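Each chain, letter by letter, is given below.
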2 protein chains.
Amino acid sequence: MWILSSIEDALNSLLSALNEYSIAKEVNVLDSLHMFSAKKYFSKINLPQYPKATMDGYAVMSSDCSNASLNNPILLKVLSHVIKSGEKKDFSIKSGECLKIETGGFLPKNADAVVPIEDVILSGSYIEITTTIGKYENVSLPGEELKEGDIIIGEGDIIRPWHVSTLYVSEYEKILVKKLTASIIYTGDEFNNTTLKPYTNYLVKGWLEEHGFTIDKIVHSKDDSSEVKNKVLELLGNHTFVIVLGGSSKGDYDTVFNGLQGISEKYVRGIRMKPGKTTSIYVIDGKPVVSISGLPAAALSSLELIVRPLLSRWLKLKFSPLPRVKAILNRRVTSKLGYVSFTRVRVFWRDNKLYAEPLVGGGSGSLRSLVLGNGYIVIPEEDEGYDKGEVVEVVLYGSIKEDL
Amino acid sequence: MWILSSIEDALNSLLSALNEYSIAKEVNVLDSLHMFSAKKYFSKINLPQYPKATMDGYAVMSSDCSNASLNNPILLKVLSHVIKSGEKKDFSIKSGECLKIETGGFLPKNADAVVPIEDVILSGSYIEITTTIGKYENVSLPGEELKEGDIIIGEGDIIRPWHVSTLYVSEYEKILVKKLTASIIYTGDEFNNTTLKPYTNYLVKGWLEEHGFTIDKIVHSKDDSSEVKNKVLELLGNHTFVIVLGGSSKGDYDTVFNGLQGISEKYVRGIRMKPGKTTSIYVIDGKPVVSISGLPAAALSSLELIVRPLLSRWLKLKFSPLPRVKAILNRRVTSKLGYVSFTRVRVFWRDNKLYAEPLVGGGSGSLRSLVLGNGYIVIPEEDEGYDKGEVVEVVLYGSIKEDL
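Definitions and cut-offs
- Throughout this document, residue positions are counted from 1 along each chain, in the order its sequence is written.
- The order in which chains are written sets their letters, starting at A; the order in which ligands are written sets their numbers, starting at 1.
- Where totals are concerned, whole chains, interfaces and linings use all residues; where local detail is concerned, this predicted model gives features only for residues with pLDDT of at least 70, and gives and counts side-chain atom pairs only at 80 or more.
- Excluding hydrogens and water, the side-chain values take into account all heavy atoms of the structure.
- Contact between two residues is taken to exist if any of their heavy atoms lie within 4.5 Å; hydrogens are not considered.
- Take the accessible area each of two parts loses on contact, using a 1.4 Å probe, and add the two losses: that sum is the buried area.
- Definition used for salt bridges: Asp or Glu carboxyl oxygen within 4 Å of a side-chain nitrogen of Lys or Arg.
- Pairs of N or O atoms are called polar contacts if they sit within 3.5 Å, as long as, within protein, a hydrogen donor faces a hydrogen acceptor (for residues adjacent in sequence, only side-chain-to-side-chain pairs).
- Secondary structure elements follow DSSP: runs of H or I of four or more residues count as helices, runs of E of two or more count as strands, with numbering from the N terminus.
- Each residue receives one of three labels: charged for Asp, Glu, Lys and Arg, nonpolar for Ala, Val, Leu, Ile, Met, Phe, Trp, Tyr, Cys and Pro, and polar for the others, Gly being one of them.
- Whether two strands pair comes down to DSSP finding at least two bridges between them.
- In this analysis an axis means a line fitted to C-alpha atoms, helices contributing only their contacting stretch, and an angle means the value between N-to-C directions, from 0 to 180 degrees.
- Only residues with pLDDT of at least 70 in both copies contribute their C-alpha atoms to the least-squares superposition of the copies.
- For Phe, Tyr and Trp, rings pair up if their centres lie within 6.5 Å, where Trp contributes its six-membered ring, and each pair is then called stacked (planes under 30 degrees apart), edge-to-face (over 60) or tilted (otherwise).
- Think of it in three bands: residues with accessible area under 20% of the maximum for their type are buried, residues over 50% are exposed, and the middle band is partly exposed, with areas taken using a 1.4 Å probe on protein chains only.
- If an angle is under 35 degrees, it is roughly parallel; if it is over 145, roughly antiparallel; if it lies from 65 to 115, roughly perpendicular; otherwise it is oblique.
- By definition, turning the near helix anticlockwise from the far helix through less than a right angle yields a left-handed crossing, and turning it clockwise yields a right-handed one.

Enquirer: Describe the interface of chain B and chain A, listing the residues and the values that go with them.
Expert: Contact with chain B, which involves 74 residues of that partner, is made by 74 residues of chain A. Summed over both sides, the interface between chain B and chain A buries roughly 6,200 Å², with carbon and sulfur atoms accounting for 57% of that surface. Broken down residue by residue, the surface that chain B buries against chain A is led by B:Trp162, B:Glu210 and B:Arg368, which jointly contribute 11%. Run the count over chain B and chain A and you get 8 salt bridges. A salt bridge links A:Arg368 to B:Asp150; the shortest N-O distance between them is 2.7 Å. Summed over the shared surface of chain B and chain A, the number is 22 residue pairs in polar contact (both at pLDDT 80 or more). Where the side of chain B that touches chain A is concerned, the elements lending two or more residues are strand S11 (151–153), helix H2 (161–169), helix H3 (200–210) and helix H7 (367–372) of chain B. In terms of residue count, H2(B) provides more of the side of chain B that touches chain A than any other element does, 8 residues in total. The class makeup of the residues in the side of chain B that touches chain A is 32 nonpolar, 18 polar and 24 charged.

Enquirer: Provide a residue-level description of the sheet that holds strand S5 (residues 74–83) of chain A, including the pertinent values.
Expert: In sheet architecture, strand pairing relies on hydrogen bonds along the backbone and comes in two forms, parallel and antiparallel. Residue and element names in this part refer to chain A. If you trace the 6 strands from one edge of the open sheet to the other, you get S7-S4-S6-S5-S9-S8, paired in mixed fashion. Here the strands that pair on one side only, and so sit at the sheet edges, are strand S7 (113–116) and strand S8 (120–123). Looking at each pair of strands side by side, their axes are set apart by 40° on average, direction ignored.

Enquirer: Describe the relation of the copies chain B and chain A, naming the residues involved and giving the relevant values.
Expert: Of the transformation placing chain B onto chain A, the axial shift is 0.0 Å and the rotation is 180°, giving an RMSD of 0.0 Å. Read as a symmetry element, the transformation amounts to a two-fold axis. Minimal C-alpha separation from the rotation axis in chain B is found for B:Pro323, amounting to 1.9 Å. A shared binding surface is used by both copies, with 100% of the interface residues of chain B retained as interface residues in chain A.

Enquirer: Give a detailed account of the packing of aromatic side chains, specifying residues and quantitative values.
Expert: Residues and elements named next belong to chain B. One pass over the full model with this rule turns up 24 aromatic pairs over all chains. Here the aromatic rings of tyrosine 50 and phenylalanine 106 are separated by 5.1 Å at their centres, their planes lie at 85°, and the arrangement is edge-to-face. With tyrosine 50 in the loop between strand S2 (41–42) and strand S3 (52–53) and phenylalanine 106 in the loop between strand S6 (97–101) and strand S7 (113–116), the pair connects residues that are 56 residues apart, well separated along the chain. On the basis of relative accessible area, tyrosine 50 is assigned to the partly exposed category, the value being 37%.

Enquirer: Describe the environment of B:Cys98, listing the residues and the values that go with them.
Expert: Residues and elements named next belong to chain B. Looking at where cysteine 98 falls in the secondary structure, it is placed in strand S6. Residue class for cysteine 98 comes out buried when judged on its relative accessible area of 0%. Between the C-alpha atoms of cysteine 98 and serine 80, which are 18 residues apart in sequence, the distance is 9.4 Å. Each residue touching cysteine 98, except ones within four places of it in the same chain, is listed here: Tyr58, Ala59, Val60, Leu76, Lys77, Val78, Leu79, Ile93 and Ile127.

Enquirer: Please give an account of the packing of helix H3 (residues 200–210) of chain A against H2(B) that cites residues and values.
Expert: A pair of packed helices is characterised by two quantities: the angle between their axes and the separation of those axes. Across the interface, H3(A) lies against H2(B) with an axial gap of 7 Å and an inter-helix angle of 155°. When the axis of H3(A) is compared with that of H2(B), the two are roughly antiparallel. Crossing angle aside, the handedness with which H3(A) passes H2(B) is right-handed. Packed against H3(A), whose contacting residues are A:Thr200, A:Tyr202, A:Leu203, A:Gly206, A:Trp207 and A:Glu210, the element H2(B) presents B:Pro161, B:Trp162, B:Val164, B:Ser165 and B:Tyr168 at the interface. For the contact of H3(A) with H2(B), the class distribution of residues is 7 nonpolar, 3 polar and 1 charged.

Enquirer: An account of the pattern of salt bridges is needed here, citing residue identities and associated values.
Expert: All names here are of chain A. Taken as a whole, this structure holds 44 salt bridges over all chains when the rule is applied. Taking the shortest distance from any N to any O, the salt bridge between glutamate 381 and arginine 272 comes out at 3.3 Å. Note that glutamate 381 is positioned in the loop between strand S24 (375–379) and strand S25 (385–386) and arginine 272 in the loop between strand S16 (266–269) and strand S17 (273–274), a separation of 109 residues in sequence. For arginine 272, a relative accessible area of 25% puts it in the partly exposed group. In this structure, arginine 346 and aspartate 403 form a salt bridge, with 3.1 Å as the shortest nitrogen-oxygen distance. Remark: aspartate 403 occurs in the segment after strand S27 (401–402) and arginine 346 occurs in strand S22 (residues 340–350); sequence separation between them is 57 residues. We classify aspartate 403 as partly exposed; its relative accessible area is 22%. Because the salt bridges share partners, they merge into one network encompassing Arg331, Arg346, Arg350, Glu357 and Asp403.

All we've got here are geometric facts, nothing functional implied.
Next up, the structure:
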C-alpha cells in the first residue's frame, strides 16, 4: 500500500528540511530583465533633482500673479533666454520678471510656478497674465517622480522593465540577482536506442526557463539506481536543484526511489494529485531533487502544482501572477475523490460568454490536451468534479479565441 | 486647437494604412521558446505510435477474461519476457497467454488490454485473474496523446514549453517564426551633455523584449527635425518598426511632427488618454513609427494602451493574457472626462480582501508609481473616476503582498 501525501503536507514537510538558499550573482542592471532580485534596492536619488516644469510656458513667481484677473491683467517682463529640458545653468528671476521654459526645464531661482503658454498673451517683451496661478502649479517638485529611499524592488521580485529603468537612473550599475540553475536527468532504457526521442525534457526545460532558471545540463540515465544516484549527486553540487524525469512510478523497478531514498535527509513519495501521482521529492544536502513522470501532462501537473509553490516558498521567488478567468463548463468533468485534479481545458468565447471544454482523453501522456487547450482547472481533493454549466476558475496559459 | 483621436479611432485609422507584415525567420525548434509562430503547424505523427500500456501489469486478450470472477478465476500463462517502455521487438500472445509489461510498453500482437499488477495473483508461471477487463483498458491507443493532423500551434501564437516539446516529437527541427525587431530613437538636446542620463529607453526596451521583439539599436537624436527624420528612415528599413521617445509634445518645436508628417502616408497626432496624450503614430513605408513621451509613466501608458493593441492587430500576435483581479478602491480616484486614464495602483491584501490604492503623484514622469505599484486600472473616456469603496478591475503586473 502506497501512502500518498497531500500537496500541502508534502510542501510543509519538505520546506522544513531544505536549507536556506542564498546564492546570488552580480549582473549589469541593463542585463537583468526577468531575473529575481537578491535583495532590496532603494533609490539613491530624487527625481526630478530640482523643481521642473511639466508644461511649456513661463516660469514665474506665483506671488506676482496672486491678484491677476481679466480686469487686472499682470504684466511680466520676459527675460531673454528659453530654459530647455535638462539645462543646468544658473538662471534666476526677480519679481516682475519671468523666463520662458520648456517641459522638463528646471525652474530658475525664485520661480515657483509655470504659466502654460496657451494661457498668456505675449506682447513685445512682456506677457499678460489674466488668471491667478498657484504655488507649484505645473511644477514637479524634487522627489515627486522618485524619492531618495523609495523601495525600487524587493528581494525575490522579478526585475521588470520599469525596475531596470529606475535602478539605472538611481545610479546602480550592477546588482545582485538570485543565481538559479537546474539540471534535468531523463531516465529510461528506452532512450538507449535511437528510435524513441525524449521530448518531455523540453517542456520541463522551457517551464524552468520561464521561471527564471538556466538549464545547462540535460543528461540521460539508464534505468539503474546507482547511475541515477551518481548523476544526481554530481549535478546537485553545481545547481540549485535537479529534476529527474521518468522512473518515478512504483513498479517492479523503483529506479529513482532505490537510488535516492538512502541518501535523502527527508523525502515525500507520491502525492494525491492526478495526473502526477508519482511525483516524489528527495531532500539531499539541503536541496530538492524532484522526481516526476516522463509523461508530459503529468510532468506539467507536477510543475504547476508542486514545483512552483515549492520553489517560490523555498527560494522566496515572487513569480508573475497567473492570469485567471471564470468560465462555464460545457461538459461534465469528473475527478477522483481524494486527489487534486489538474484538468486541462480549452477556454473559448461563444455568444459573448466564456466557456471551458475539458480535454480529457490521453491521460498523463496527452500532449494534445496541452496544445489544444489554453488553460487548466484545479479540482480540489474533496470534490468529485463539476457539472456541465457550472462556473469554474481557469488558470490561462494561452490566448482565448472564438469557438471554431 | 489640437484635435485628439480616441484610442479606437487611432487604431482603426492606422491599421488601414499599415502594410501586411509577413517577415519570418527560420529557427531551431529547441531555440524557439517565446517566439511567435509564423504559421500553423500540424502534428505529423501519432502518439503513441502503437497501443501502449498506461500501467505496469500484464498484457492480455480481453476476450480471455470476459467471464473472470472470484468464483471463476481465469488462469493465463505468463510468457518469459517483460516488455519494457519503448521496446520495439515483435512480441505476440495467443489466447490463454499473457506478457508482463511496464508502463509505456507497446502491447504485443493480439493483446488489447492490460491487467494492473496489483489485480492479479501470480502462481508459478501463471497469473490468476478474478475480474473482467474491458477492451483497451489501461491502454493508450495510437493518436490518443497526439494525433496526426492535430494543430500544434497557430499563426501568431507564442511558443510555450509544450509547443517546443510537441513540435520536436512531431519531427520538426526548424520552424518559421515572426521576425520582430524594433529600434528606439531617444530625442533631446538635454542628453548632449553627460549630466542627464536617459532612462525611459530601458523601460521601452524591456517592454518590447517582453513582447517578443529584439532591440539592437538605441540611438540618440538631437531636437532637430531633419535628424529625427533621417534616423527614422535609416532604421525603419531594417526593423519592424521604430519608437521615437521624447519630442512628441506640441510645444514651440514639434520636432518629431515636423520631421515625420511630410513623409507619412497617414498619421494620428495626439490621443485622448492620460498620461500619454502626446502619443503620435506615423505610417511610413507601410510601417508604424511610434512617437511617445520620454517620461516613463506616459511611455508605459502608450505602450500598454496603444502599442500593444496596434502590434497585436497589425502583426497578428497573440500576446499572453494579462492577469486581472478585482479590488476595492481605498481612495477616490479622478479622471479627466473625455480621456482614457491609465491609473497606476498598488493592490494589496487586508483582512482577506483585495484593495487597490491609486498612486497619483508625480504625473507622467512618475517612476515611483511604477515601482511602488503592481498594476493599473483603465478608466474609460466617459467616466470621471471612481469613489472610494468601488470595485475596479486591475491589470496586474507584479505580485500582491499583504498591506504593510
